[in-house]
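Results of the structural survey
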Amino acid sequence: MIVAEPTIGRGNVKVGPIPTFSLPSRFSCPGASPWCIKHCYAARFERVWPNCRVAYSRNLVLSWNAPRFVRAMLRCIPRDLPYLRIHVSGDFHSAQYADAWTAIARKRPNTQFFAYTRSWNVASILPALEQLRALGNVHLFASLDPDMPDPTPGWRVAFIGIDPRAAGMRCRHQQEEVESCLECGYCFRKGAGNVVFTVH
Ligand code: SF4
């Protein structure tokens, strides 16, 4: 199957009108822990909305060819786009794919990219993610749950509230303090700190 263009989501009730890019859950999640697989909200969402699963699967096929993926994403991301949420569903499935996002973010310095990932726990992908998160316009969190070890020092961490290690800002949308991530902005403010989510 040849996929020419990615599907970009138009935002959702959580992020607000921030565009999103997603992949199918589990198939693209090499760092998924048993806890994560058991509680995966994205898998539940994809069961309810099978069209999303199809679109995410097409995105995954496109992402397997990194140069083509970079070109296609750059066609879809205007130079003045302020924010893009990577992976409402899915994760960085390979070092080549993470490198592709580094190339995209470098070409779009006016866009703030943010993502939460468990792929930091995959040794072959971590170096590429370190390069990606070093960019000034990329905000990458190490997602953590009770089945996972502590991440490499220096990462911002996205905790689950039930984890005894949880420390940081309670997600303001889940606390009903803001309408959306767009209004909040905490997660895409460089170095702002860790975030704590309640289980969906
Ligand atoms: S803390 Fe703010 S920016 Fe981060 S996920 Fe929650 S609402 Fe969005």
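What counts, and where the lines are drawn
Residues numbered from 1 in each chain as written. Predicted model: local features only at pLDDT ≥ 70, side-chain atom pairs only at ≥ 80, totals over all residues. Heavy atoms only, no water. Helix = DSSP H or I, 4+ residues; strand = E, 2+ residues; numbered from the N terminus. Buried < 20%, exposed > 50% of the residue type's maximum accessible area, 1.4 Å probe, protein only. Polar contact = N/O pair within 3.5 Å; in protein donor to acceptor, adjacent residues only side chain to side chain. Contact = heavy atoms within 4.5 Å. Core = buried A, V, L, I, M, F, W, Y, C linked by side-chain atoms within 4.5 Å. Pairing = 2+ DSSP bridges. Right-handed = clockwise from strand over helix to strand, strands pointing away. Arc of directions from axis to C-beta. Near = heavy atom within 4 Å. Nonpolar A, V, L, I, M, F, W, Y, C, P; charged D, E, K, R; others polar. Axes fitted to C-alpha atoms, helices over the stretch in contact; angles between N-to-C directions. Parallel < 35°, antiparallel > 145°, perpendicular 65-115°, else oblique.

**A look at the side chain of Thr111**
When you line up the elements, Thr111 lands in the loop between α5 (95–107) and β3 (112–117). With relative accessibility at 0%, the residue Thr111 sits in the buried group. Side-chain polar atoms of Thr111 contact the backbone oxygen of Leu81, separated by 2.6 Å. Excluding residues within four positions of it along the chain, Thr111 makes contact with Ile77, Pro78, Leu81, Pro82, Tyr83, Leu84 and Asn137.

**Observations concerning the environment of Ala100**
Following the sequence through the fold, Ala100 ends up in helix α5. In this structure Ala100 comes out as buried when scored by relative accessible area, which is 4%. Each C-alpha atom of the pair Ala100 and Ala128 lies 9.5 Å from the other, and the pair is 28 residues apart in sequence. In this structure Ala100 touches Ala66, Phe69 and Val70, once residues within four positions along its chain are discounted.

**Section: the nonpolar core**
By size, the foremost hydrophobic cluster in this structure holds 41 residues, and its most contacted members are Phe69, Phe92, Trp101, Ile104 and Phe113. Of all the secondary-structure elements, those providing two or more residues to this core are α3 (50–63), α4 (66–76), β2 (83–86), α5, β3, α6 (126–133), β4 (138–143) and β5 (156–160). Here this core gets 7 residues from one element, more than from any other, and that element is α5. Look past the residues within four positions of Ile104 in its chain and what remains in contact with it is Phe69, Val70, Met73, Leu74, Ile77 and Phe113. Membership of the second largest hydrophobic core comes to 15 residues, among which are Val15, Cys171, Val178 and Tyr186.

**Brief notes about the sheet that holds strand β6 (residues 169–170)**
Judged by pairing direction, the sheet is parallel, and its 7 strands sit side by side in the order β1-β2-β3-β4-β5-β7-β6 without closing on themselves. If you trace the sheet from one side to the other, it starts and ends with β1 (20–21) and β6, each paired once. As judged from the 2 bridges shared by β6 and strand β7 (residues 195–197), these two strands associate in the parallel manner. Bridging across to β7, Arg170 finds its partner in Val196.

**Some details on the pairing of β4**
In terms of burial, β4 is largely enclosed, as 6 of its 6 residues are buried. As a crossover connection, the stretch from β3 through α6 into β4 is right-handed. Sheet topology places β4 next to β5; 3 bridges connect them, and they run parallel. Paired with Ser143 across the strands is Ala158, a residue of β5.

**Focus: α6**
Within the sequence span of α6, burial applies to Leu126, Ala128, Leu129 and Leu132. The buried residues of α6 all sit within an arc of 155° when viewed along its axis, so they share a single face.

**Observations regarding the environment of Arg118**
By secondary structure assignment, the location of Arg118 is in the loop between β3 and α6. Distance in space between the C-alpha atoms of Arg118 and Asp145 is 9.3 Å, their sequence separation being 27 residues. If we ignore the near neighbours within four places in the chain, the residues touching Arg118 are Gly31, Ala32, Ser33, Trp35, Cys36, Asp91, Ser143, Leu144, Asp145 and Met148. A distance of 2.9 Å separates the side chain of Arg118 from the side chain of Asp145, its partner in a polar contact.

**Remarks on the site of the ligand**
Close to the ligand lie Lys14, Tyr116, Cys171, Arg172, His173, Cys181, Cys184, Tyr186, Cys187, Val195 and Phe197. Those elements giving two or more residues to the shell around the ligand turn out to be α7 (181–184) and β7. Tallied by class, the residues present in the shell around the ligand amount to 8 nonpolar, 1 polar and 2 charged.

**Quick notes on the packing of helix α2 (residues 41–48) against α3**
Across the interface, α2 lies against α3 with an axial gap of 5 Å and an inter-helix angle of 115°. Accordingly, the angle class assigned to the pair α2 and α3 is roughly perpendicular. On the side of α2, the interface is formed by Phe45, Glu46, Arg47 and Val48, while α3 contributes Pro50, Cys52, Arg53 and Tyr56. Here the contact of α2 with α3 is composed, by residue class, of 5 nonpolar, no polar and 3 charged.

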